[in-house]
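Each chain, letter by letter, is given below.
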Amino acid sequence: METYFIVRTQTYADKAQHLLSRYRYPYRVTRITGAEGCVYRFRVQAAQQDILDLLSAYGIPCQTPVP
């Protein structure tokens, strides 16, 4: 199961990477540059609710893409 989410700042992207590594979730992150600036797109090998709960518990704001 894969989960995708977007983080809007480099600071939160760094924090999310550290957190995912700490809890040993395999992930990939891609920096995307658009008209409104850079965003960081994560792909994590885990259930979506687990990841969103973890990020929320550590105060990392994220958005999930609309399918």
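In this text, all values refer to a predicted model and were calculated from it rather than measured experimentally.

Observations concerning the nonpolar core
Counting 14 residues, the largest nonpolar core has Phe-5, Leu-20, Phe-42, Val-44, Ile-51 and Leu-55 as its most contacted members. Mapped by element, the contributors of at least two residues to this core are strand E1 (3–7), helix H1 (10–22), strand E3 (37–44) and helix H2 (48–57). At four residues, H1 tops the list of elements feeding residues into this core. When residues no more than four places from it in sequence are discounted, the contact partners of Leu-20 are Phe-5, Tyr-25, Tyr-27, Phe-42, Val-44 and Ile-51.

Some details on the pairing of E3
The side chains of a regular strand alternate, residue by residue, between the two faces of the sheet. Taken together, the five bridges between E1 and E3 define a ladder with antiparallel strand orientation. Of the residues in E3, the one forming a bridge with Thr-3 is Val-44. The pairing of strand E2 (residues 27–34) with E3 spans eight bridges and is classified as antiparallel. Residue pairing across strands places Gly-34 opposite Gly-37, the latter belonging to E3. Hairpin geometry of E2 and E3 is characterised by an intervening segment of two residues between the two adjacent antiparallel strands.

Quick notes on the environment of Asp-50
Relative to the elements of secondary structure, Asp-50 occurs in helix H2. Sequence separation between Asp-50 and Cys-38 is twelve residues; the distance between their C-alpha atoms is 26 Å.

Here we look at the confidence of the model for the protein
Mean pLDDT over the protein works out to 94, with 99% of the residues at or above the 70 mark. Averaged over each element, pLDDT in the protein is lowest for E2 (94) and highest for H1 (97).

Considerations on the pattern of salt bridges
Note that side chains of opposite charge can pair when their charged atoms are close. Taken as a whole, this structure holds one salt bridge when the rule is applied. Between Arg-43 and Glu-2 there is a salt bridge; the shortest N-O distance is 3.7 Å. Residue Arg-43 is found in strand E3, and its partner Glu-2 is found in the segment before E1; the two are separated by 41 residues along the sequence. Assessed through its relative accessible area of 36%, Glu-2 is described here as partly exposed.

Section: H2
Within the span of H2, buried status applies to Ile-51, Leu-54 and Leu-55. With its buried residues spanning 95° around the axis, H2 presents them on a single face. Away from the buried face of H2 by more than 90 degrees, exposed residues Ser-56 and Ala-57 are located. Buried positions along H2 lie against E1, H1 and E3.

What counts and how
- Numbers given for residues are sequential positions, taken from 1 along each chain in its written order.
- Whole-chain, interface and lining totals are the exception, using all residues; otherwise, since this is a predicted model, local features are given only for residues with pLDDT of at least 70 and side-chain atom pairs are given and counted only at 80 or more.
- Excluding hydrogens and water, the side-chain figures rest on all heavy atoms present in the structure.
- To qualify as a nonpolar core, a set must consist of buried Ala, Val, Leu, Ile, Met, Phe, Trp, Tyr and Cys residues joined through side-chain atoms within 4.5 Å.
- The buried label applies to any residue whose accessible area, calculated with a 1.4 Å probe on protein chains only, is under 20% of its type's maximum; exposed applies above 50%, and partly exposed to all values in between.
- Put simply, DSSP marks the helices as runs of H or I at least four residues long and the strands as runs of E at least two long, and each gets a number from the N terminus on.
- A contact between two residues is defined here by any heavy atoms of the two lying within 4.5 Å.
- Any two strands between which DSSP finds at least two bridges are classified as paired.
- pLDDT is a residue-level measure of predictor confidence that goes from 0 to 100.
- A side-chain nitrogen of Lys or Arg and a carboxyl oxygen of Asp or Glu constitute a salt bridge if their distance falls within 4 Å.
- The directions considered for the arc run from the helix axis to the C-beta atoms.

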